[in-house]
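# Working through the structure, step by step
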Amino acid sequence: MAQEKFEELVETFEFLEDWEDRYRHVIDMGKAFPPLDDALKVPATKVDGCASQVWLHPRIEGQGPGAVFDFAGESDAMIVRGLIAVLHDLYGGLPVSEVGAVDAPAELGRLGLDEHLSSQRSNGLRAMVQRIRKVAAESAG
């Protein structure tokens, strides 16, 4: 389940006390995250409000509120690819009806990311979360 993956990430971040180690870990997560097929890098999947190029492609299994939310994503910036992987740990595998209930700022705050990201990166992260919530809400009906 997605939340378990995110809890594991929180534990890892508690172990990595130094911000630079956490930053490197996020970048490593981005390197390990599967790349998005170029055919899916289209205006419909592009996230506006990000300083770098960001694409999120939703993958919903099932229909209605019980459908399972997942997504693929990519960015031209390594740290942002890592943030996409973090969001995947937070949201991937949740029923679409539960996505909107996730308090992303609070959850991401547990990682201490909020205090170390530039305002542009924070705005981009918010834009990605808004896109995820919108797609899940539309899928939930």
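The rules we used
- Per chain, residues are indexed from 1 in the order of the written sequence.
- Where totals are concerned, whole chains, interfaces and linings use all residues; where local detail is concerned, this predicted model gives features only for residues with pLDDT of at least 70, and gives and counts side-chain atom pairs only at 80 or more.
- The basis for the side-chain values is all heavy atoms of the structure; hydrogens and waters are excluded.
- Secondary structure elements follow DSSP: runs of H or I of four or more residues count as helices, runs of E of two or more count as strands, with numbering from the N terminus.
- To estimate how far a helix should extend, the number of its residues minus one is multiplied by 1.5 Å.
- Categorising residues by exposure relies on relative accessible area from a 1.4 Å probe, with only protein chains included: less than 20% of the type maximum marks a residue as buried, more than 50% marks it as exposed, and the intermediate range marks it as partly exposed.
- Think of it as the arc spanned by the lines of direction from the helix axis to the C-beta atoms.
- Buried Ala, Val, Leu, Ile, Met, Phe, Trp, Tyr and Cys residues form a nonpolar core when they are joined through side-chain atoms within 4.5 Å.
- We call two residues in contact whenever any of their non-hydrogen atoms come within 4.5 Å of each other.

## Quick notes on helix α2 (residues 19-32)
Taking 1.5 Å as the rise per residue, α2 with 14 residues should run 20 Å; its terminal C-alpha atoms sit 20 Å apart, in good agreement. Trp 19, Arg 22, Val 26, Ile 27, Met 29 and Gly 30 are the residues of α2 that are buried. Seen along its axis, α2 keeps its buried residues to an arc of 155°; they face one direction. Across from the buried face of α2, at angles greater than 90 degrees, the exposed residues are Glu 20, Lys 31 and Ala 32.

## What about the nonpolar core?
In a soluble, globular protein the nonpolar side chains are often hidden away together inside. Residues Phe 69, Val 86, Leu 87, Tyr 91, Leu 111, Leu 113 and Met 128 are the most contacted members of the largest nonpolar core, which totals 42 residues. Take this core: its biggest share by element is nine residues, from helix α3 (residues 78-91). Look past the residues within four positions of Val 86 in its chain and what remains in contact with it is Phe 6, Leu 9, Val 26, Met 29, Leu 108, Leu 111 and Leu 113.

None of the figures reported here should be taken as evidence of function without further support.
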